[in-house]
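Overview (structure and organization)
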Amino acid sequence: MNHLSVLLNDTSLDSTLRTIAEKVSKQERITEEEGLYLFENASLSYVGTLANHIREQKHGNKTYFNRNFHLEPTNICLYTCTFCSYSRLIKKRSEGWEYTMDEMLDMIKKYDNEPVTEVHIVGGVLPQYDLQFYTDLFEKIKAHRPDLHIKALTPVEYHYIFKKGKVSYEEGMKMMKEAGLDSMPGGGAEIFHPEIRDQIAGGKCSGDEWLRIHEIWHELGHRSNATMLYGHIENYNHRIHHLEELRKLQDKTGGFQTFIPLKFRNKDNQMSHVKESTTVEDLRNYAISRIYLDNFGHIKSYWPMIGRTTAQLSLAFGVDDLDGTIDDTTKIYSMAGSEEQNPALSTEQLVKLIRNVGRQAIERDTLYNVVTDFKDVVFEDDKHFKGYVSLPVVK
Ligand code: V47
Ligand code: SF4
């Protein structure tokens, strides 16, 4: 009997939780009301059992990671998102950084001899980083290193630069593709519902605009990710609304690869008075996301934000992908108070982190093609590693 069968035989479950467990066992979709019920009523062990079942059905023990680095052109920003610890207003320009084209290309060149497959480019929004600047940057990166996957910018930047450049979303996204853009990261999604978005991210693109830009990118035949910034002033209705909008768009286009829940961190921002979510809540959120987003291939945890231990735990709560390897140069989380102040893990360290919780580490590229399966790789100081141990089956 597996863990899901144990749950299905649990006579103490109420009728809604029983229905949801039955739906998961039959690979049926849960409704918005059921999703909300999970957030409001379900225990960590209940959602964990369901989410792990789905995760193992989709991926078995496999846990993916990729080798990437971050390039952040600037941390000066026109916007004033209340959760952001990273940006500096234009009037405090001297406190931040604004890299020139040459400086950025030098940063790219620093990785010339590193086996990285992806550069993740994201930062603040400023007038000089316009359509022309980014098309030049992408072209120059591709001219220097054609095989480096460019995962860059979010609808927040695209909405701004297309408006300023007087091009439509469609025209703009085509120009980006021609310049070398390969995929879009999931940032800027925050919480789509205007009740919350207007309070925490006023002025930048709306939830509908964020979704529309991803839709157009998918229609052009390309892939992207999605995030949700949770654990601040939103309630569970807002989280379900956010997940539902993503699930609907994914039904339409199939273009999302990965969903990445982002835990709000409260250091040095305008919402420092807001308490951060607990680890139990973080794990419940991963698990419910896994259950709800039945049409998403992957759920990713971002270890520089939640720390290595919670990232390991998340692998039993629906997560099958860990982000952040080699030299995680992003400052977004270290400036917001995350556990990891200098987030950098070598491939070997990351593989061991995954193995130590009984999972199989697989290096992938951005589009989930396998680069290296570490199943049988034994490291120098890892001679005791004798393969994977399965969890005992409950009788
Ligand atoms: O949009 C900013 C978030 C996002 C805080 O697609 C914060 O592979 C918590 O989207 N507390 C940018 N979160 C990062 C991002 C991302 C990260 C890793 C992988 C991928 C991917 C995308 O960071 C922003 C915002 O939602 N953020 N400040 C904060 N104080
Ligand atoms: Fe600017 Fe992004 Fe920070 Fe908002 S989250 S203030 S858009 S850098």
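Because the structure is predicted, anything quoted here is derived from the model rather than measured. (Residues numbered from 1 in each chain as written. Chains lettered and ligands numbered in written order. Predicted model: local features only at pLDDT ≥ 70, side-chain atom pairs only at ≥ 80, totals over all residues. Heavy atoms only, no water.)

**What about the site of ligand 1?**
Taken together, 24 residues surround ligand 1, and among them Phe83, Lys151, Gly186, Gly188 and Glu190 come closest. A distance of 2.7 Å separates an oxygen atom of ligand 1 from a polar side-chain atom of lysine 151. Between an oxygen atom of ligand 1 and a side-chain N or O atom of lysine 300, the distance comes to 2.9 Å. Surface burial for ligand 1 is 95%, taken as the share of its 620 Å² of free accessible area covered by protein chains. When contributions to the shell around ligand 1 are tallied by element, the ones reaching two or more residues are β8 (223-230), β9 (256-263) and β10 (298-302). (Near = heavy atom within 4 Å. Polar contact = N/O pair within 3.5 Å; in protein donor to acceptor, adjacent residues only side chain to side chain. Areas by Shrake-Rupley, 256 points an atom, 1.4 Å probe, with all protein chains shown as cover. Helix = DSSP H or I, 4+ residues; strand = E, 2+ residues; numbered from the N terminus.)

**Some details on the environment of valine 371**
Among the structural elements, valine 371 can be located in strand β13 (residues 370-373). For valine 371, a relative accessible area of 42% corresponds to the partly exposed category. Taking C-alpha positions, valine 371 is 10.0 Å from arginine 67, a pair spaced 304 residues apart along the chain. Dropping the residues within four chain positions of it, valine 371 is found in contact with Glu363, Arg364 and Asp365. (Buried < 20%, exposed > 50% of the residue type's maximum accessible area, 1.4 Å probe, protein only. Contact = heavy atoms within 4.5 Å.)

**Focus: the nonpolar core**
Leu38, Tyr46, Ile121, Leu137, Phe138, Tyr158 and Leu246 are the most contacted members of the largest nonpolar core, which totals 112 residues. Residue-level mapping places this core at the junction of two domains, with at least three residues from each of domain 1 (3-59) and domain 2 (62-378). Apart from the residues within four sequence positions on either side, isoleucine 121 is in contact with Leu71, Pro73, Leu137, Phe138, Ile141, Ile150, Lys151, Ala152 and Leu153. (Core = buried A, V, L, I, M, F, W, Y, C linked by side-chain atoms within 4.5 Å. Domains from an automatic or database assignment.)

**Some details on the site of ligand 2**
Looking at ligand 2, the residues that line it are Cys77, Tyr79, Cys81, Phe83, Cys84, Ser87, Gly124 and Lys204. Partitioned by chemical class, the residues of the shell around ligand 2 number five nonpolar, two polar and one charged. (Nonpolar A, V, L, I, M, F, W, Y, C, P; charged D, E, K, R; others polar.)

**With respect to the pairing of strand β12 (residues 360-364)**
Most of β12 is tucked away: five of the five residues are buried. Of the pairings in the sheet, the one linking strand β1 (residues 62-65) to β12 comprises four bridges and is parallel in character. Residue pairing in the sheet places threonine 63 in a bridge with alanine 361 of β12. Strand direction decides the pairing type here: β12 and β13, joined by three bridges, are antiparallel. (Pairing = 2+ DSSP bridges.)

**Notes on the packing of helix α2 (residues 15-25) against helix α3 (residues 32-41)**
With their axes 11 Å apart at the nearest point, α2 and α3 run at an angle of 115 degrees to one another. Where α2 crosses over α3, the handedness of that crossing is left-handed. Note on element contacts: α3 touches α2 through Glu34, Tyr37 and Leu38, opposite Thr16, Leu17, Thr19, Ile20 and Lys23. (Axes fitted to C-alpha atoms, helices over the stretch in contact; angles between N-to-C directions. Left-handed = near helix turned anticlockwise from the far one by under 90°.)

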